[in-house]
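A look at the structure
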Amino acid sequence: MLEIPESTVIARQLNETVKGKKIKEVEAEHTKHSFAWYHGDPADYAAKMEEREIGNSTGIGSMIETELSEYSFITGDGANIRYFAPGEKLPDRYQTRITLEDDSSLIITVQMYGAMFLIDPETYDNPYYLAGKEKPLPGTEDFDYEYFTALREDLSGKISVKEFLATHQRIPGLGNGVLQDILFEAGLYPKRKINTLKDADFRRTYEAILHVLKQMTDLGGRDTEKDLFGQPGRYLTKLSKKTAGKPCPYCGNLIQKANYLGGTVYYCPSCQE
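What you see as residue numbers is a count from 1 along each chain, following the sequence as written. A pLDDT threshold of at least 70 governs which residues receive local features in this predicted model, and a stricter bar of 80 or more applies before side-chain atom pairs are shown or counted, although totals over entire chains, interfaces and linings include all residues. To get the side-chain values, take all heavy atoms of the structure and skip hydrogens and water.

1. A few points about the sheet that holds strand 4 (residues 63-68)
The sheet built from 5 strands is open, its strands ordered 2-9-5-4-3 with mixed pairing. Edge positions in the sheet fall to strand 2 (36-38) and strand 3 (57-60), since each has one partner strand and no second. This sheet shows a mean twist of 15 degrees between the axes of neighbouring strands, independent of strand direction. Following DSSP output, two strands are said to pair if at least two bridges run between them. In DSSP terms, a helix is any run of H or I states spanning at least four residues, a strand is any run of E spanning at least two, and both are numbered starting from the N terminus. Where strand 3 lies against strand 4, 4 bridges are found, and the strand directions are antiparallel. Of the residues in strand 4, the one forming a bridge with S57 is T66. Note on contacts: a residue pair is in contact if any heavy atoms of the two residues lie within 4.5 Å. Each axis is a line fitted through C-alpha atoms, taken for helices only over the stretch in contact, and angles between the N-to-C directions span 0 to 180 degrees. Set on the sheet, helix 1 (residues 4-17) makes contact with strand 3 and strand 4; between it and strand 3 the angle comes to about 180 degrees.

2. A closer look at helix 3 (residues 127-134)
For helix 3, the set of buried residues is Y129, A131 and G132. Axial view of helix 3: buried residues confined to an arc of 165 degrees, hence all on one face. Of the exposed residues in helix 3, the ones pointing more than 90 degrees away from its buried face are P127 and E134. Check the buried side of helix 3 and you find it contacts strand 3, strand 4, strand 5 (71-75) and strand 9 (114-119). Put simply, N126 is the residue that caps the front of helix 3, since its side-chain oxygen is 2.8 Å from the backbone nitrogen of Y128. Relative accessibility under 20% of the residue-type maximum defines a buried residue, over 50% an exposed one, and the middle range a partly exposed one, all with a 1.4 Å probe and only protein chains included. Think of the arc as the fan of directions from the helix axis to the C-beta atoms. Pairing of N or O atoms within 3.5 Å defines a polar contact, subject to two protein rules: one partner must be a possible hydrogen donor and the other a possible acceptor, and residues neighboring in sequence count only if both atoms are side-chain atoms.

3. Focus on the packing of aromatic side chains
Paired rings are identified among Phe, Tyr and Trp, the last through its six-membered ring, by centres lying within 6.5 Å, and are further divided according to the angle between planes into stacked (under 30 degrees), edge-to-face (over 60) and tilted (the rest). What the rule picks out here adds up to 15 aromatic pairs. Ring geometry for F143 and Y206: centres 6.0 Å apart, planes at 15 degrees, overall stacked. With F143 in the loop between helix 3 and helix 4 (145-150) and Y206 in helix 7 (residues 199-218), this pair connects stretches of sequence that are 63 residues apart. Each member of the pair, F143 as well as Y206, is classed as buried.

4. Let's talk about the pattern of salt bridges
Put simply, a salt bridge is a Lys or Arg side-chain nitrogen that is within 4 Å of an Asp or Glu carboxyl oxygen. Taken as a whole and judged by the stated rule, the model has 13 salt bridges. We note a salt bridge from K214 to D218, for which the minimum N-O separation is 2.6 Å. Placement of the pair is K214 and D218 together in helix 7, with a separation of 4 residues, close to one helical turn. Since its relative accessible area comes to 53%, K214 is described here as exposed. D218 sits in the partly exposed class, given a relative accessible area of 47%.

5. Focus on the sheet that holds strand 8 (residues 105-110)
Strand order in the open sheet formed by 4 strands is 1-7-8-6, and the pairing between neighbours is antiparallel. The sheet is open, and its two edges are formed by strand 1 (23-28) and strand 6 (79-84), each paired on a single side. Along the sheet, successive strands turn relative to each other by an average axial angle of 15 degrees, direction set aside. Sheet topology places strand 7 (residues 96-100) next to strand 8; 4 bridges connect them, and they run antiparallel. Each residue of the ladder has a partner; that of R97, found in strand 8, is I107.

Interpretation in functional terms is not warranted from these geometric data alone.
Structure representation (C-alpha cells):
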C-alpha cells in the first residue's frame, strides 16, 4: 500500500523517468474491478489526457499527484503504478494504461482496492486529497515537535497510540504499514493508551517517526512494497508479515501478530511496553 515512503519514492522516479513526455494514448477501466475507483466517467479519461505533457509528480501522503496542465492524475492508496519500457510486454489485466510518445507505458493495477482519479485540483474537495496537500508531512519544516504535540489536543486520552498516529488522516500517509517499525523504535505497544505516555515517550515517538520514515525513503521504500519498476524497497522491515514469528532483532523473543482496529499489528512483547 502507498504510504509516505513509497509515494515519495515513486513520485521521484516518475519525475526522473516520464516527466516532460507527451501522452499518446490512454485506456481506463481496461479490466473491470469492483473496488477500482475513478473520478467521473473513466471513458472520458482518454479525451482529457491524450496529447498532454506529463508534469511534476508529488507524493502527498498515501497518494501520488501527477500534473497534466489544468488536470491532475491521482494514484491513490491500493493502486500500483508501474513503468514499462518501449517494447516491454504489458500485463493482460490492468485497470489503466497511459502510453507515452516514446511507446513506454504507465500501468496502474488494483488488487484489493485503489483509486485512479483524474481531477481538477482547483475544485476537487476529497478530504484525503486535501489533507495530503494541506497538512505538514514528517520531514518538512512545519512538522516540528510543537505541531506534533498539538495533534493530541482535544483527543480522548483513552485512544491508543495506533489510533492516534494512523487514523483520521492526522498524519497523511502514515498508515498501519510504516506504523509498526515506528512504534518498535519508540518502544511502544500499539494498544497503549496515549494518556499513559510521559513527555519522554511522546518525544521519543516524534523522533522515531522522523528517523524511521527517512530511513524507509532513503532506501527506496519498504521491502514489503514495490517501486515504479516493480522492485522491492531496500528498507528491511523489522515488524511486518516478513518477520512475524521470527526472533526480535534486539531481545530474541518472537515477534507477535494480532488483529487490532481493522488491521494487523506486529510487536515484540518484551521491547514494546
